Amino acid sequence: MNHQSLEEVELELALLIRRLTSMVTAQKVGSLDRAAYLLLTQISLGGACSVKTLSQTFHLDISTVSRQVSSLEQKGYVRRVPDELDGRAFILSITGLGEQLLADDKANRIARLGHVLDNWEEGEMKQFGQLLRKFNHSVVEAEQMEKVSQHDG
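This write-up is about the structure you can find in this document. From a predicted model like this one, the values you see are computed outputs, not experimental measurements.

### Focus on the packing of helix H2 (residues 34-46) against helix H3 (residues 51-58)
Relative to each other, H2 and H3 sit at 115°, their axes nearing to 11 Å. When the axis of H2 is compared with that of H3, the two are roughly perpendicular. Every pair of crossing elements has a handedness; the one defined by H2 and H3 is right-handed. Here Leu-38, Leu-39, Gln-42 and Ile-43 of H2 come into contact with H3, specifically with Leu-54, Thr-57 and Phe-58.

Below, the structure written as structure tokens:
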């Protein structure tokens, strides 16, 4: 692996994170914070699921996801419904209000991103999306490998 290439990726990621944070802080992109947006998106796309499933999906502690879900529930964006497979358990379902807010928020985010990528060609955007997806998968794999090595060590 080329050390200079790794240095370039590290610097560009640091700059990206800083600029995205600055952009969100300076100009609120949507009404949902990042955690709420991701949780609602997962429930909307993946269907009703448990807090445990969300915790595993995002590699977060169950207590963290529980707090975030409680906030979404209090605002009326999700509701708990009995799990048909386990009558003692509940799964989370997105409400109509949650779906509408998510759709509005996503439209705002896409519009903002559209302005940033206005001069990009379609092929460049597609390739960038594919590389980001590959990077995200690599991050998840690295986290899993690290957990296994910590467990074995």
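Following the structure, the description resumes.
### Side note on H3
The complete set of buried residues in H3 reads Val-51, Leu-54 and Ser-55. Within H3, the buried residues cover an arc of 100° as seen down the axis, which keeps them to one side. Where H3 is buried, its residues contact H2, helix H4 (62-74) and strand E2 (90-94). His-59, located one to two residues past H3, shows a positive phi value of around 55°.

### Some details on the nonpolar core
Leu-32, Leu-40, Leu-54 and Val-69 are the most contacted members of the largest nonpolar core, which totals 18 residues. Put simply, the parts of the chain that give this core at least two residues each are H2, H3, H4, E2 and helix H5 (96-116). Considering every element that reaches this core, the biggest residue donor is H2, with five residues. Once you skip the residues sitting within four places of it in the chain, Leu-40 turns out to touch Leu-32, Leu-72, Tyr-77, Val-78, Ile-94, Gly-98 and Leu-102.

### A word on the packing of aromatic side chains
Aromatic ring pairs: the centre-centre distance and the angle between the two ring planes describe each pair. Summed over all chains, the structure comprises one aromatic pair. Between Trp-120 and Phe-128, the aromatic rings sit 5.3 Å apart at their centres with planes inclined by 65°, giving edge-to-face as the arrangement. Taking relative accessible area as the criterion, Trp-120 reaches 35% and is therefore assigned partly exposed. Using a relative accessible area of 36% as the deciding quantity, one classes Phe-128 as partly exposed. Across the ring face of Tyr-37, the terminal group of Arg-109 is positioned such that the distance to the ring centre comes to 3.8 Å.

### What to know about H5
With 21 residues, H5 ought to run about 30 Å at 1.5 Å a step, and its terminal C-alpha atoms sit 30 Å apart, in line with that. Within the span of H5, buried status applies to Gly-98, Leu-101, Leu-102 and Asp-105. One side of H5 holds all its buried residues, which, seen down the axis, span an arc of 100°. Turned more than 90 degrees away from the buried face of H5, the exposed residues are Gly-96, Ile-110 and His-115. Where H5 is buried, its residues touch H2 and E2.

### A word on the side chain of Ser-93
Structurally, the position occupied by Ser-93 is in strand E2. Judged by relative accessible area, which is 18%, Ser-93 ranks as buried. Among residues more than four places away in sequence, those in contact with Ser-93 are Ile-43, Ala-48, Tyr-77, Val-78, Arg-79 and Val-81.

About the criteria used
Residues numbered from 1 in each chain as written. Predicted model: local features only at pLDDT ≥ 70, side-chain atom pairs only at ≥ 80, totals over all residues. Heavy atoms only, no water. Axes fitted to C-alpha atoms, helices over the stretch in contact; angles between N-to-C directions. Helix = DSSP H or I, 4+ residues; strand = E, 2+ residues; numbered from the N terminus. Parallel < 35°, antiparallel > 145°, perpendicular 65-115°, else oblique. Left-handed = near helix turned anticlockwise from the far one by under 90°. Contact = heavy atoms within 4.5 Å. Buried < 20%, exposed > 50% of the residue type's maximum accessible area, 1.4 Å probe, protein only. Arc of directions from axis to C-beta. Core = buried A, V, L, I, M, F, W, Y, C linked by side-chain atoms within 4.5 Å. Phe/Tyr/Trp six-rings, centres within 6.5 Å; stacked < 30°, edge-to-face > 60°. Lys NZ or Arg CZ within 6 Å of the ring centre and 35° of its normal. Expected span 1.5 Å × (residues − 1).

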